[in-house]
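Geometric and topological summary
Read off the chains here:
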Protein chains: 2
Amino acid sequence: MCNLYGVQPDLALDHQLCFALYAASRRVQQAYRPALDDLGLTYPQYLVMLALWERDGVGVGELGERLHLDSGTLSPLLRRLEQRGLVTRRRDDPDGRRVEILLTPQGDALRDRAGQVQDCLAGQVDLGPEQLGALRDLARALVNSTPRSDGGTP
Amino acid sequence: MCNLYGVQPDLALDHQLCFALYAASRRVQQAYRPALDDLGLTYPQYLVMLALWERDGVGVGELGERLHLDSGTLSPLLRRLEQRGLVTRRRDDPDGRRVEILLTPQGDALRDRAGQVQDCLAGQVDLGPEQLGALRDLARALVNSTPRSDGGTP
DNA sequence: CACAACTGAGTTGCGTGCAATCTAGCTGGC
DNA sequence: GCCAGCTAGATTGCACGCAACTCAGTTGTG
């Protein structure tokens, strides 16, 4: 845990938090994939739909704030969701720069089928509900710690 | 908050394990980025180097097994590492299909500078060592649970 | 030995993530 | 009213991930 130039600070892959999170995140995406294929959604698209089911009629920026994503990622993603008829983008606000994202009836209806997506995880992951809850809370704490600012290593 | 179909299992974004892990993983990548920029590595490239510092002279398949990545991801990544002079790929084994990945002296030397990369996380994340350890263990348990097989939702 | 089945890497296509840049629209100072 | 500066999205370029496929090389069977 300490590192000068002499001591080697445990570079082993398996001991790295970064790798554990990286692999766990992709592992969960794999677990969701079959269910999401049924809905015709990718994993990030599913997360966007989750956010919109919670509250739509928001701008791209607000959506990105909730998902920690920027317009460079969301713009093309939302275009695809629009092409599939799940959302619409309106640009007629008082503020002509804003684009409002709204669910279509189709997009809203998809919500009823989304419950089964979560059940998919339960059958595939060997962690108890308690452990999953703890993992979720820890991960959430990690996300909210010290938002993107300058890096270290001055 | 509840739809028909009886019990609605809480579709709120913030309660989802999938989102927590997804966001946490990207958050950690952001924390590492400044330090990795100094080394001229991307985050996945850094993980590959970690694996190779642990043991090199391995085939692409073995490397992928350790990292849970397939050749479709590793082949181009390794090509870039080779272009930067950090690894070499040899194809003269007894088994002519195998490609052995070996660290160059440069790639090996980079290891001495990699210690500082981990210190970068410590200053940016508001989790104690205990919590980080717990998170790592949980995430690792999740990764190793029920490897990629068929999906759910029969 | 001949040949089908298998295997290890590589390639292709598509959808992210994200930095950097661009563009259109708004806003404040004069 | 005018223009510099700001802001919200969109676009561009590059590097993943991963499914699907190709290709070269090996192995098992007769």
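Below is a summary of the structure that appears in this document.

1. Examining the protein's contact with DNA strand D
Close to DNA strand D lie 29 residues; Tyr22(A), Gly61(A), Ser75(A), Thr42(B) and Gln45(B) are nearest. In DNA strand D, atoms within 4 Å of the protein come 78% from sugar and phosphate. One of the backbone N or O atoms of Gly61(A) is found 2.7 Å from a phosphate oxygen in DNA strand D. Interatomic distance of 3.2 Å between a side-chain N/O atom of Arg89(A) and a phosphate oxygen of DNA strand D. Across the surface near DNA strand D, the residue classes tally to seven nonpolar, 12 polar and 10 charged.

2. Brief notes about the environment of Ala23(A)
Looking at the element boundaries, Ala23(A) is found in helix α1 (residues 17–39). What makes Ala23(A) buried here is its relative accessible area of 5%.

3. Some thoughts on the packing of α1(A) against helix α5 (residues 105–122) of chain A
Helix packing geometry: the angle between the two helix axes and the distance between the axes. Residues and elements named next belong to chain A. One way to put it is that α1 packs onto α5 with a least axis distance of 9 Å and a crossing angle of 150 degrees. Overall, the two elements α1 and α5 adopt an arrangement that is roughly antiparallel. Every pair of crossing elements has a handedness; the one defined by α1 and α5 is right-handed. Contact with α1, carried on its side by Val28, Ala31, Tyr32, Ala35, Leu36, Asp38 and Leu39, involves Leu110, Arg113, Ala114, Gln116, Val117, Gln118, Cys120 and Leu121 of α5 and no other residues of that element. Classifying every residue of the contact of α1 with α5 gives 11 nonpolar, two polar and two charged.

4. Observations regarding the sheet that holds strand β3 (residues 100–103) of chain A
All names here are of chain A. Taken together, the three strands give an open sheet; going across it, the order is β1-β3-β2, and neighbouring strands pair in antiparallel fashion. Every interior strand has two partners, whereas the edge strands, β1 (58–59) and β2 (87–90), have only one. Here β1 runs beside β3; their pairing, made up of two bridges, is antiparallel. Bridge pairing in β3 links valine 58 to isoleucine 101. Helix-sheet contacts for helix α2 (residues 43–54) involve β1, β2 and β3, and the interaxial angle to β3 is about 85 degrees. The strands that helix α4 (residues 71–83) touches are β2 and β3; relative to β2, the one it contacts most, it runs at about 120 degrees.

5. Notes on the protein's contact with DNA strand C
Taken together, the neighbourhood of DNA strand C is formed by 29 residues, with Thr42(A), Gln45(A), Tyr22(B), Gly61(B) and Ser75(B) sitting nearest. Looking at DNA strand C alone, sugar and phosphate atoms form 75% of those within 4 Å of the protein. A distance of 2.6 Å separates a phosphate oxygen of DNA strand C from a polar side-chain atom of Thr42(A). The separation between a phosphate oxygen of DNA strand C and a polar side-chain atom of Gln45(A) is 2.6 Å. Of all the elements in the fold, those that place two or more residues in the surface near DNA strand C are α2 and α4 of chain A together with α1 (17–39), α3 (60–67) and α4 (71–83) of chain B.

6. Some thoughts on the side chain of Glu100(A)
Residues and elements named next belong to chain A. Along the polypeptide, glutamate 100 turns up in strand β3. Exposure remark for glutamate 100: the relative accessible area of 14% places this residue in the buried category. Apart from the residues lying within four places of it in its own chain, the contact partners of glutamate 100 are Gly57, Val58, Thr88, Arg89, Arg90 and Asp93.

7. As for the packing of aromatic side chains
Residues and elements named next belong to chain A. On inspection of all chains with the given rule, the structure shows eight aromatic pairs over all chains. Taking 5.8 Å as the distance between ring centres and 65 degrees as the angle between the ring planes, the aromatic pair formed by tyrosine 32 and tyrosine 43 counts as edge-to-face. A residue pair is termed long-range when its members are at least 10 positions apart, and tyrosine 32 in helix α1 and tyrosine 43 in helix α2 qualify at 11 residues. Tyrosine 32 gets classed as buried once you look at its relative accessible area, which sits at 2%. Exposure remark for tyrosine 43: the relative accessible area of 6% places this residue in the buried category. Ring centres of tyrosine 32 and tyrosine 46 lie 6.0 Å apart, and the angle between their planes is 40 degrees; this geometry places the pair in the tilted category. Remark: tyrosine 46 occurs in helix α2 and tyrosine 32 occurs in helix α1; sequence separation between them is 14 residues. The residues tyrosine 32 and tyrosine 46 share a single accessibility class, namely buried. One cation-aromatic arrangement involves arginine 26 over tyrosine 22; the distance from NZ or CZ to the ring centre is 4.4 Å.

Calculation notes
- Every chain is numbered independently, its residues counted from 1 as its sequence is written.
- Just so you know, chain letters begin at A and ligand numbers begin at 1, following the order they were written in.
- Given that the model is predicted, a residue must reach a pLDDT of at least 70 before its local features are reported, and side-chain atom pairs must reach 80 or more before they are shown or counted; all residues, however, enter totals for whole chains, interfaces and linings.
- Calculation of side-chain values draws on the structure's entire complement of heavy atoms; hydrogens and water are dropped beforehand.
- A molecule or strand has a residue near it when one of that residue's heavy atoms lies within 4 Å.
- Two N or O atoms form a polar contact when they lie within 3.5 Å of each other; inside protein one atom must be a possible hydrogen donor and the other a possible acceptor, and for residues adjacent in sequence the pair counts only when both atoms belong to side chains.
- Ten residues, namely Ala, Val, Leu, Ile, Met, Phe, Trp, Tyr, Cys and Pro, are considered nonpolar, four, namely Asp, Glu, Lys and Arg, are considered charged, and the remaining ones, Gly among them, are considered polar.
- Counting from the N terminus, the helices are the DSSP runs of H or I reaching at least four residues and the strands are the DSSP runs of E reaching at least two.
- A 1.4 Å probe rolled over the protein chains alone gives each residue an accessible area, and that area as a share of the maximum for its type sets the label: buried under 20%, exposed over 50%, partly exposed in between.
- Between N-to-C directions, angles span 0 to 180 degrees; the directions come from axes that are lines fitted to C-alpha atoms, helices contributing only their stretch in contact.
- Each angle receives one of four descriptions, namely roughly parallel if under 35 degrees, roughly antiparallel if over 145, roughly perpendicular if within 65 to 115, and oblique otherwise.
- Helix crossings get a hand from a simple test, with the near helix turned counterclockwise from the far one by less than a right angle marking a left-handed crossing and a clockwise turn marking a right-handed one.
- The contact rule is simple, with two residues in contact once any of their heavy atoms fall within 4.5 Å.
- In short, DSSP must find at least two bridges between two strands for them to pair.
- When two rings of Phe, Tyr or Trp (its six-membered ring) have centres within 6.5 Å they constitute a pair, described as stacked for plane angles under 30 degrees, edge-to-face for angles over 60, and tilted for the intermediate range.
- Think of it as a cone above the ring: NZ of Lys or CZ of Arg counts as a charge over the ring if it is within 6 Å of the ring centre and within 35 degrees of the ring normal.

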